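Residue-level structure breakdown
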Amino acid sequence: MNRTNALEINPDRLWDTLLVSAQIGPGKAGGLSRLTLSDDDKIMRDKFVHWCKEAGCKVSVDQVGNIFARREGQDPDLAPVMVGSHLDTQIAGGKYDGILGVLSGLEIIRTLNDRNIETKRPIEVVCWTNEEGVRFHPPMMGAATFVGALEVEQALTQTDADGAVFGQELERIGYAGTGSRTPADIAAYFELHIEQGPVLDEEGIHVGIVTGGFTSFGARLEIKGENAHAGPTLMKRRKDALVGAAVIVAEVNKIGWEYEPEGRSTCAKLDASPNMYGIIADYAAVTVDVRHPDPAAAREMYQKALALIPVAAGQANVDISIADEWSFGEIAFDQELISLVRKTAADLNVSHKHMLSVAGHDAYQLAEAVPTAMIFTPCKDGITHNEAEHVEAGYTVPGVNVLLNSVVVRANG
Ligand SMILES: [Zn+2]
């Protein structure tokens with residue numbers, strides 16, 4: 001391919017489609033609050049399915065609600081090339097995180113239709129269920145189930161904070177499918193995503209070719225103390241779970257500073273019970289999250305975080321245990337696909353650089369099982385998981401064109 005035979009998407013159509021999505025499940029500050037399996041998620045899914053069918057795709061839904069829209073290839077027996085991301089958002093999320101990746105996939109199909117271009121392999125656009133993991137744990141749930149890292153049954157029985165069950169919510173919104181797909185069915189997976197950091201925007205580069213991820217370690221700590229009256233209870237008799245959590249929160253934050261600028265640490269979620277005025281908390285739970293591009297350094301940071309447990313327990317006179325632990329990001333994307341994306345970007349004269357991803361993505365799950373590539377596009381000041389998230393068409397479209405041409409090359413190979 002060279003610049004004269006390169007394909008180009010229709011930017012206005014992509015942006016109009018993104019604007020429709022941006023009206024579904026509006027947040028309070030101009031972004032989106034479209035939690036997975038909510039009524040708004042259903043409206044968005046229905047819209048997406050409608051668009052895909054309109055574009056001539058055959059749509060199927062698997063048991064955890066992942067949606068696959070297939071544009072047939074010249075040889076339907078060949079494994080398809082898959083492209084997609086997620087349509088759910090954070091509780092105060094942006095209009096592009098995940099959404100841009102799915103709707104870029106749809107735009108690829110529409111562009112190929114416009115030009116009557118057939119590909120050898122089928123192309124499938126996918127919307128993964130519950131990437132964000134806000135309402136139901138864990139994040140990247142649909143993709144994890146697809147690659148077999150999570151049992152279907154385990155996903156279906158998850159409950160949200162109000163006790164709603166994932167499987168029942170899927171049925172309620174009409175996305176409890178019967179299909180079951182496996183990674184063996186597909187040839188390659190591409191995901192375009194806005195960068196969740198400021199690098200591309202700051203450097204004025206249009207495309208980030210993701211070569212791997214920051215190594216991340218996380219844990220959920222449970223802190224058990226004792227209920228007591230905030231007034232009469234002597235300081236020495238208190239077992240204040242919230243104090244134990246507070247020590248963890250403050251000290252984990254220091255670990256990130258010790259390893260900055262590359263290291264990052266936080267305690268993103270804190271629950272306390274009974275969380276009422278005048279009562280000393282008998283229970284708290286806090287999540288620990290440390291990340292570093294160097295796996296050894298990330299591990300070291302995590303060890304330091306765990307070493308805080310006895311310290312905090314001693315200071316607050318409470319019991320602290322690890323209720324859950326996880327790690328992700330020690331992955332490598334496919335070398336051949338990385339080369340293909342790099343060559344495509346170079347052929348299209350689109351500025352690009354290699355980079356690591358700091359956040360988790362559906363592509364992380366896919367990379368465990370199929371050749372996978374990720375393309376980042378710039379995001380204003382790197383602000384995401386925030387209603388202020390903003391991207392400009394002019395900075396985004398070059399990346400979508402790189403995606404389009406890379407997918408077509410792979411689908412003909
Ligand atoms: Zn995302």
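Here we summarise the structure given alongside this text. This one's a predicted model, so the numbers in the text were calculated from it and none came from an experiment. (Residues numbered from 1 in each chain as written. Predicted model: local features only at pLDDT ≥ 70, side-chain atom pairs only at ≥ 80, totals over all residues. Heavy atoms only, no water.)

Description of the overall build of the chain
- In terms of helices and strands, the chain carries 12 helices and 15 strands.
- In terms of overall dimensions, the chain has C-alpha extents of about 80 × 45 × 40 Å along its principal axes.
- Burial statistics for the chain: of 413 residues in total, 55% are counted as buried.
- Summed over its atoms, the accessible surface of the chain is roughly 17500 Å², and 50% of this surface lies on carbon and sulfur atoms.
- If you average the places of the 36 positive and of the 57 negative side-chain charges in the chain, the two averages end up 1 Å apart. (Helix = DSSP H or I, 4+ residues; strand = E, 2+ residues; numbered from the N terminus. Buried < 20%, exposed > 50% of the residue type's maximum accessible area, 1.4 Å probe, protein only. Areas by Shrake-Rupley, 256 points an atom, 1.4 Å probe, with all protein chains shown as cover. Lys, Arg positive; Asp, Glu negative; His and termini not counted. Charge placed at Lys NZ, Arg CZ, Asp CG, Glu CD.)

A short note on helix α1 (residues 11–21)
- Taken together, the buried positions of α1 are Leu14, Trp15, Thr17, Leu18 and Ser21. In an axial view of α1, the angular spread of the buried residues amounts to 160 degrees, which keeps them on one side of the axis.
- Along its buried surface, α1 packs onto α2 (39–54), α3 (99–114) and α12 (393–411).
- Looking at where α1 begins, the residue whose side-chain oxygen comes 3.2 Å from the main-chain nitrogen of aspartate 12 is asparagine 10. (Arc of directions from axis to C-beta. Contact = heavy atoms within 4.5 Å. Polar contact = N/O pair within 3.5 Å; in protein donor to acceptor, adjacent residues only side chain to side chain.)

Observations regarding the coordination of the zinc ion
- Protein coordination of the zinc ion is provided by His86 (NE2), Asp97 (OD) and His193 (NE2), with donor distances spanning 1.9 to 2.2 Å.
- Read in sequence order, the donor residues coordinating the zinc ion give the pattern H-x10-D-x95-H. One end of the pair, histidine 86, is in strand β3 (residues 81–86); the other, histidine 193, is in strand β5 (residues 188–194), with 107 residues separating them in the sequence.
- The class for histidine 86 is buried, based on a relative accessible area of 0%.
- You can call histidine 193 buried: its relative accessible area is 1%. (Donors = N, O, S within 2.8 Å, 3.2 Å for Na, K, Ca; no water.)

Comments concerning the side chain of serine 85
- Residue placement: serine 85 occurs in strand β3.
- In this structure serine 85 comes out as buried when scored by relative accessible area, which is 0%.
- In this structure the side chain of serine 85 is engaged in a polar contact, spanning 2.8 Å, whose partner is the side chain of glutamate 191.

Overview of helix α10 (residues 335–347)
- A rise of 1.5 Å per residue sets the reference length of α10, with its 13 residues, at 18 Å; its end C-alpha atoms lie 18 Å apart and thus fit the reference within 8%.
- Taken residue by residue, α10 has Leu337, Ile338, Leu340, Val341, Thr344, Ala345 and Asp347 as its buried positions.
- Buried residues belonging to α10 abut β5, β6 (207–213), β14 (352–357), β15 (372–377) and α12.
- One side-chain oxygen at the N-terminal end of α10 lies 3.3 Å from the backbone nitrogen of glutamate 336; it belongs to aspartate 334. (Expected span 1.5 Å × (residues − 1).)

Describing the pattern of salt bridges
- According to the stated counting rule, one finds 22 salt bridges in the structure shown.
- Of the charged contacts in the structure, one is a salt bridge between aspartate 160 and arginine 135, with a shortest N-O distance of 2.9 Å. Residue aspartate 160 is located in the loop between α5 (152–156) and α6 (166–172), and its partner arginine 135 is located in the loop between β4 (123–128) and α4 (141–146); the two are separated by 25 residues in the primary sequence.
- Residue classification places arginine 135 among the buried residues on the basis of a relative accessible area of 16%.
- The closest approach of N and O atoms between aspartate 381 and lysine 380, which form a salt bridge, is 3.7 Å.
- By relative accessible area, which is 42% here, lysine 380 ends up partly exposed.
- What you see here is one network of salt bridges that share partners, running through Asp39, Arg135, Asp160, Glu169 and Arg172. (Salt bridge = Lys/Arg side-chain N within 4 Å of Asp/Glu carboxyl O.)

Points about the environment of isoleucine 338
- Tracing the backbone shows isoleucine 338 in helix α10.
- Of the residues examined, isoleucine 338 reaches a relative accessible area of 2% and is grouped as buried.
- Expressed as a C-alpha distance, the spacing of isoleucine 338 and valine 408, which sit 70 residues apart in the sequence, is 15 Å.
- In this structure isoleucine 338 touches Ile209, Val210, Thr211, Phe333 and His354, once residues within four positions along its chain are discounted.

Some remarks on the pairing of β15
- In terms of burial, β15 is a largely internal element, six of the six residues being buried.
- Along β15, one buried face is formed by Thr372, Met374 and Phe376 and the opposite face, lined by Ala373, Ile375 and Thr377, is buried too.
- Here β6 pairs with β15 via three bridges, running antiparallel. The partner of isoleucine 209 across the bridge, within β15, is isoleucine 375. (Pairing = 2+ DSSP bridges.)

Here's the deal with the packing of α3 against α12
- Viewed as axis vectors pointing N to C, α3 and α12 meet at an angle of 60 degrees, and their least axial separation amounts to 10 Å. Here α12 runs oblique to α3, going by the angle between their axes. Relative to α12, the crossing made by α3 is right-handed. Taken together, the residues of α12 that come into contact with α3 (itself represented by Leu100, Ser104, Ile108, Thr111 and Leu112) are Thr396, Val400, Leu403, Leu404, Val407 and Val408.
- The residue inventory of the contact of α3 with α12, partitioned by class, reads eight nonpolar, three polar and no charged. (Axes fitted to C-alpha atoms, helices over the stretch in contact; angles between N-to-C directions. Parallel < 35°, antiparallel > 145°, perpendicular 65-115°, else oblique. Left-handed = near helix turned anticlockwise from the far one by under 90°. Nonpolar A, V, L, I, M, F, W, Y, C, P; charged D, E, K, R; others polar.)

Quick notes on the packing of aromatic side chains
- With the rule as written, the count across this model stands at nine aromatic pairs.
- On the basis of an interplanar angle of 65 degrees and a centroid distance of 5.9 Å, the ring pair of phenylalanine 328 and tyrosine 364 is categorised as edge-to-face. You can see phenylalanine 328 sitting in strand β13 (residues 319–328) and its partner tyrosine 364 sitting in helix α11 (residues 362–367), a full 36 residues away along the chain.
- Using a relative accessible area of 21% as the deciding quantity, one classes phenylalanine 328 as partly exposed.
- Look at tyrosine 364 and you get buried, because its relative accessible area is 3%.
- The side chain of arginine 45 reaches across the aromatic face of tyrosine 175, ending 5.0 Å from its centre.
- The aromatic ring of phenylalanine 68 is capped on one face by arginine 181, whose charged end is 4.8 Å from the ring centroid. (Phe/Tyr/Trp six-rings, centres within 6.5 Å; stacked < 30°, edge-to-face > 60°. Lys NZ or Arg CZ within 6 Å of the ring centre and 35° of its normal.)

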